[in-house]
Amino acid sequence: MNPYDQVLDATISHLEKLKASGIKHVKVSQEILSSLTMPSSRAVETRASASPAATSTASGRSTIPVTPKPVAVAPSLPQSKVSLMESMAEEIKQVRGEGEIPGEKGLALEQVKQRAMVCVKCPHLASSRRNVVFGVGNIDSPLMFVGEAPGMEEDQEGEPFVGVAGQLLTKIIKAMGFGREQIYIANVLKCRPNTPGQTAGNRKPSEEEMKKCLPYLLAQIEIIQPKIIVALGGTAVEGLFGKTDGISKIRGHLRYLRNIPVMPTFHPSYLLRQQMLTEKRKVWEDMMKVMEHLQIPITEKQQGFFLKA
Ligand code: SF4
């Protein structure tokens with residue numbers, strides 16, 4: 001296959017994926033649009049006029065329907081045409097403001113996120129939130145952490161686990177041998193539970209709020225397909241599985257959500273309140289079980305964390 005055909009195939013294939021994932025339009029520059037909508041010979045020479053069907057935007061780009069139609073050109077093209085198609089692929093890469101073309105998982109997750117960002121299923125939370133805290137991290141991660149709901153800092157930042165408890169979670173993740181950016185973190189609830197009349201503090205999400213929001217998290221899990229999930233705290237476990245025994249009783253015992261193992265453990269904020277080594281060790285033992293499940297070697301040093309000297 002010649003270079004042009006390769007680029008063309010890759011472009012068509014990508015457009016088909018975008019279309020299949022529900023994306024109806026992509027932005028392309030006026031220059032590329034003009035070239036694509038005129039006969040090939042002229043296209044190579046002139047890249048000036050725009051398609052009358054194109055919709056200009058404030059940024060000077062145009063919107064065209066995502067219809068993976070092969071461009072009507074001769075099979076063998078000059079190098080300038082190849083550059084043109086490569087340039088178009090680059091344009092598509094930038095459509096979503098990301099460095100590279102998102103894969104199917106990224107696009108699917110983005111669609112769920114877009115729905116959550118405008119969700120008003122809990123009007124009292126939609127009106128009080130600063131941000132919808134969807135989730136953050138590596139969507140290809142084998143490991144996912146799930147908490148209960150954003151707190152004040154998370155609501156402000158738009159990212160889960162950024163407060164003091166989040167810093168402790170980051171330390172736990174590092175102790176396991178991961179970087180925070182390598183794993184995926186989300187909450188059962190995407191909006192901060194409101195606290196009318198309070199200037200500080202957070203509240204536990206209600207059962208009804210968690211039920212309403214759970215479909216977003218289930219969609220995230222369905223798309224990411226982690227090998228294991230860590231549920232942080234009793235409320236997160238309750239959000240995922242419904243009413244259950246207390247976290248002290250169920251922690252450390254795997255349960256399954258749609259065939260994905262879930263390890264319940266204490267919430268980091270519990271460890272901040274309970275500074276005892278024994279409680280830290282319990283969480284660490286849960287994390288070592290997670291590491292075993294992921295077949296991550298556990299060093300002697302790691303095995304000795306939070307044991308009495
Ligand atoms: S908490 Fe969830 S269900 Fe409720 S408004 Fe926010 S995103 Fe929607």
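Look a little higher up for the structure.
In what follows, the accompanying structure is described.

**Looking at the packing of helix H9 (residues 207–224) against helix H10 (residues 234–241)**
Then, in step 1: Relative orientation of the contacting elements H9 and H10 amounts to 85 degrees, with a least axis distance of 9 Å. If you check the angle between H9 and H10, you find them roughly perpendicular. From H9, Met-210, Leu-214, Leu-217 and Ile-221 reach across to H10, where they touch Thr-235, Glu-238, Gly-239 and Leu-240.

**A short note on the pattern of salt bridges**
Then, in step 1: Under the criterion given, the structure shown has 11 salt bridges.
Then, in step 2: For Glu-208, the salt bridge is made with Lys-212, and the minimal N-O distance between the two is 3.6 Å. Here Glu-208 pairs with Lys-212, and both are found in helix H9, just 4 residues apart, close to one helical turn.
Then, in step 3: Given the relative accessible area of 53%, Glu-208 is considered exposed.
Then, in step 4: Taking the relative accessible area as the measure of exposure, Lys-212 reaches 28% and is therefore partly exposed.
Then, in step 5: Between Glu-285 and Arg-281 there is a salt bridge, and its shortest N-O distance comes to 3.0 Å. Here the residue Glu-285 and the residue Arg-281 both occupy positions in helix H13 (residues 277–293), the gap between them amounting to 4 residues, near one helical turn.
Then, in step 6: Using a relative accessible area of 12% as the deciding quantity, one classes Arg-281 as buried.
Then, in step 7: Overlapping salt bridges, with partners in common, bring together Lys-204, Glu-238 and Lys-243 in one network.

**Side note on the site of the ligand**
Then, in step 1: Taken together, Cys-119, Lys-121, Cys-122, Leu-125, Arg-129, Leu-189, Lys-190, Cys-191, Lys-212, Cys-213 and Tyr-216 make up the full set of residues near the ligand.
Then, in step 2: Looking at the shell around the ligand element by element, the count peaks at 3 residues for H9.
Then, in step 3: Split into classes, the residues belonging to the shell around the ligand amount to 7 nonpolar, no polar and 4 charged.

**Some points on the sheet that holds strand E8 (residues 255–257)**
Then, in step 1: Taking strand neighbours across the sheet as the criterion, the 6 strands line up as E4-E6-E5-E7-E9-E8 in an open arrangement whose pairing is mixed. Each having just a single partner strand, strand E4 (136–137) and E8 make up the two edges of the open sheet.
Then, in step 2: In terms of strand pairing, E8 meets strand E9 (residues 260–265) through 3 bridges, oriented antiparallel. Bridging from a neighbouring strand, Arg-255 pairs with Val-262 of E9.
Then, in step 3: Packed onto the sheet, H13 meets strand E5 (143–147), strand E7 (228–232) and E9 and runs at close to 165 degrees relative to E9.

What counts as what
Residues numbered from 1 in each chain as written. Predicted model: local features only at pLDDT ≥ 70, side-chain atom pairs only at ≥ 80, totals over all residues. Heavy atoms only, no water. Axes fitted to C-alpha atoms, helices over the stretch in contact; angles between N-to-C directions. Helix = DSSP H or I, 4+ residues; strand = E, 2+ residues; numbered from the N terminus. Parallel < 35°, antiparallel > 145°, perpendicular 65-115°, else oblique. Contact = heavy atoms within 4.5 Å. Salt bridge = Lys/Arg side-chain N within 4 Å of Asp/Glu carboxyl O. Buried < 20%, exposed > 50% of the residue type's maximum accessible area, 1.4 Å probe, protein only. Near = heavy atom within 4 Å. Nonpolar A, V, L, I, M, F, W, Y, C, P; charged D, E, K, R; others polar. Pairing = 2+ DSSP bridges.

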